Amino acid sequence: MVNRRVRASAVVAALSLLALSGCGGGGGATADDLDASRDEVLAAARQVLPGVVDALGAQVQDAYGEFDMGGDGIVDRRRYSVTVIAVGAQADTDDLVAALEDAGVTDVQVNPIGGAAGQRDGLDVSGSDPGGRDMSVSVSGPYLEVADGVPREAARQEVDLG
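Residues numbered from 1 in each chain as written. Predicted model: local features only at pLDDT ≥ 70, side-chain atom pairs only at ≥ 80, totals over all residues. Heavy atoms only, no water.

Observations regarding helix α3 (residues 93–102)
Point 1. Every buried residue of α3 is listed here: Thr93, Leu96, Val97, Ala99 and Leu100. Angularly, the buried residues of α3 cover 165° about the axis, an arc narrow enough to put them on a single face. Those residues of α3 that are exposed and angled more than 90 degrees off the buried face are Asp94 and Asp102.
Point 2. Those residues of α3 that are buried are in contact with α2 (31–55), β3 (106–110), β4 (116–120), β5 (123–127) and β6 (134–140).
Point 3. The opening residue of α3, the one whose side-chain oxygen lies 3.1 Å from the backbone nitrogen of Asp94, is Asp92. (Buried < 20%, exposed > 50% of the residue type's maximum accessible area, 1.4 Å probe, protein only. Helix = DSSP H or I, 4+ residues; strand = E, 2+ residues; numbered from the N terminus. Arc of directions from axis to C-beta. Contact = heavy atoms within 4.5 Å. Polar contact = N/O pair within 3.5 Å; in protein donor to acceptor, adjacent residues only side chain to side chain.)

Concerning the packing of aromatic side chains
Point 1. Scanning all chains against the criterion turns up 1 aromatic pair.
Point 2. Summarising the aromatic geometry, the rings of Phe67 and Tyr80 are spaced 4.9 Å apart at their centres and angled 65° between planes, so their arrangement reads as edge-to-face. Remark: Tyr80 occurs in strand β2 (residues 76–87) and Phe67 occurs in strand β1 (residues 59–71); sequence separation between them is 13 residues.
Point 3. Take Phe67: its relative accessible area is 9%, and that puts it in the buried class.
Point 4. Across the ring face of Tyr80, the terminal group of Arg38 is positioned such that the distance to the ring centre comes to 5.7 Å. (Phe/Tyr/Trp six-rings, centres within 6.5 Å; stacked < 30°, edge-to-face > 60°. Lys NZ or Arg CZ within 6 Å of the ring centre and 35° of its normal.)

A word on a negative patch on the surface
Point 1. Judged by side-chain charge, Asp92, Asp94, Asp95 and Asp129 come together as a negatively charged surface patch.
Point 2. When its relative accessible area of 59% is taken as the criterion, Asp94 is described as exposed. (Patch = residues over 30% accessible without salt bridge, like charges linked within 9 Å, V, L, I, M, F, W, Y side chains within 5 Å. Areas by Shrake-Rupley, 256 points an atom, 1.4 Å probe, with all protein chains shown as cover. Salt bridge = Lys/Arg side-chain N within 4 Å of Asp/Glu carboxyl O. Lys, Arg positive; Asp, Glu negative; His and termini not counted. Charge placed at Lys NZ, Arg CZ, Asp CG, Glu CD.)

A word on the pairing of β2
As a general feature of sheets, a regular strand has side chains that alternate between the two faces.
Point 1. Most of β2 sits inside the fold, with 10 of its 12 residues counted as buried.
Point 2. Direction of pairing for β1 relative to β2: antiparallel, over a ladder of 12 bridges. For Met69, the partnering residue across the bridge sits in β2 and is Arg78.
Point 3. Counting the residues in the hairpin turn of β1 and β2 gives 4 residues, including Gly73, whose phi is positive at 90°. (Pairing = 2+ DSSP bridges.)

A closer look at the pairing of β6
Point 1. Burial analysis of β6 places 5 of its 7 residues in the buried class, which makes it a mostly covered element.
Point 2. The sheet contact formed by β2 and β6 spans 7 bridges and is antiparallel. By the bridge assignment for β6, Val87 is matched with Asp134.
Point 3. Hairpin remark: β5 followed by β6, antiparallel, with 6 residues in the connecting loop.

Some details on the pattern of salt bridges
Point 1. Scanning the entire structure with this criterion turns up 7 salt bridges.
Point 2. Between Arg78 and Asp76 there is a salt bridge whose closest N-O contact spans 2.6 Å.
Point 3. Here Arg77 makes a salt bridge to Glu145, at a shortest N to O gap of 4.0 Å. Of the two residues, Arg77 sits in strand β2 while Glu145 sits in strand β7 (residues 144–145), which places them 68 residues apart along the sequence.
Point 4. The class for Arg77 is partly exposed, based on a relative accessible area of 29%.
Point 5. Judged by its relative accessible area of 45%, Glu145 is partly exposed.

What follows is the structure, given as structure tokens:
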């Protein structure tokens, strides 16, 4: 009886370890997959963000891209985002919604605390409340579950939107 309990405990422990390690397959996004996602987000940002900023009467103060880290401490998830910090917007949230929709963003939803967000070609596009001193507008790719051993890029990179 005790031997059976020990075996059952060992099986449960082994299955738990496999589940926590992703079943040991080592699958997931590679560095090449992350590069492809970054390229897709950069291309979309260059198409979307300048028009949105212009429509709001704002000027780009800063534009950068970076990988956001996500996950639960067990699974490594990353997504690439390009963010524009803009100043001088002469607009409100309704103008932001219109600018996003004019840029091809669909399913635009207003955030109750300010700003709006939607989707364009499977990417997230969002903007903060344009009524503040400065605002941000971003394009973000999907979170990718990353394979073990893929190095992290934590540094921001300046982005040329032109």
